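Residue-level structural notes
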Amino acid sequence: MTTHSIKQIKTSLYASKAPLEWAVSNNGTLYTAQIPIDENGDVVAGGIEAQARQTLDNLKHTLECANVGMDSVLQVLIYVTDREYLKTVNQVYAEYFEAPYPNRAALVIAGLAREEMLVELVVYAAVP
């Protein structure tokens, strides 16, 4: 039997009823997926810009809870439900990251877990 040293990163994000942690770390890497929800667990209104900003704010909070900053992010997978959203996501994303930027991929998909969600990020970051 393999022993795992997976560590939960405690955040103040809404406690999901789904079987998940907002972030875990193992072997110097933090793994997280972030969505555009507020402190009540509701998807924020206001379209793609508001959702992108909330998702990145949630990411920033999660990283701070792990005692690292946005500069520790290694890779970002961006999921959007419409190709047109990528321009806005890129504009907001540029407010949160500086060069050298994380490696990243952007995917246009049919939908996300909650119908009203327009964006989701899967992120890997280096942690001490």
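Rules and cut-offs
- Residues numbered from 1 in each chain as written.
- Predicted model: local features only at pLDDT ≥ 70, side-chain atom pairs only at ≥ 80, totals over all residues.
- Heavy atoms only, no water.
- Core = buried A, V, L, I, M, F, W, Y, C linked by side-chain atoms within 4.5 Å.
- Buried < 20%, exposed > 50% of the residue type's maximum accessible area, 1.4 Å probe, protein only.
- Helix = DSSP H or I, 4+ residues; strand = E, 2+ residues; numbered from the N terminus.
- Contact = heavy atoms within 4.5 Å.
- Pairing = 2+ DSSP bridges.
- Phe/Tyr/Trp six-rings, centres within 6.5 Å; stacked < 30°, edge-to-face > 60°.
- Lys NZ or Arg CZ within 6 Å of the ring centre and 35° of its normal.

1. Structural notes on the nonpolar core
Counting residues in each nonpolar core, the largest one holds 27 residues, and the members touching the most others are Leu-30, Leu-56, Leu-63, Val-76, Ile-78 and Phe-97. Elements supplying a minimum of two residues to this core: helix H1 (47-65), strand S4 (73-80), helix H2 (85-96) and strand S6 (119-126). The contacts of Ile-78, once residues within four sequence positions are left out, are Leu-86, Val-89, Tyr-93, Arg-104, Ala-105, Ala-106, Leu-107, Val-119, Glu-120 and Leu-121. Counting residues in each nonpolar core, the second largest holds seven residues, with Trp-22, Ile-37, Leu-112 and Met-117 among its members.

2. Observations regarding the pairing of S6
Walk down a regular strand and you will see the side chains alternate between the two sheet faces. Of all eight residues making up S6, six are buried, and the element is well covered by its neighbours. Relative to S6, S4 is paired through seven bridges, and the arrangement is antiparallel. Within S6, the position partnered with Val-80 by the bridge is Val-119.

3. Comments concerning the packing of aromatic side chains
Using the criterion set out here, one finds two aromatic pairs in the structure. Aromatic side chains Tyr-31 and Tyr-124 sit 5.6 Å apart centroid to centroid with 85 degrees between the ring planes, which places their arrangement in the edge-to-face category. With Tyr-31 in strand S3 (residues 29-34) and Tyr-124 in strand S6, this residue pair connects regions lying 93 residues apart in the sequence. Assessed through its relative accessible area of 26%, Tyr-124 is described here as partly exposed. When the centroid spacing of 4.5 Å and the interplanar angle of 35 degrees are considered together, the rings of Tyr-93 and Phe-97 count as tilted. Of note, Arg-104 hangs over the ring of Tyr-93, and the distance from its end group to the ring centre comes to 4.7 Å.

4. So, the side chain of Ser-72
In this fold, Ser-72 is placed in the loop between H1 and S4. Ignoring sequence-local partners within four residues, the contact set of Ser-72 consists of Leu-63, Ala-125 and Ala-126.

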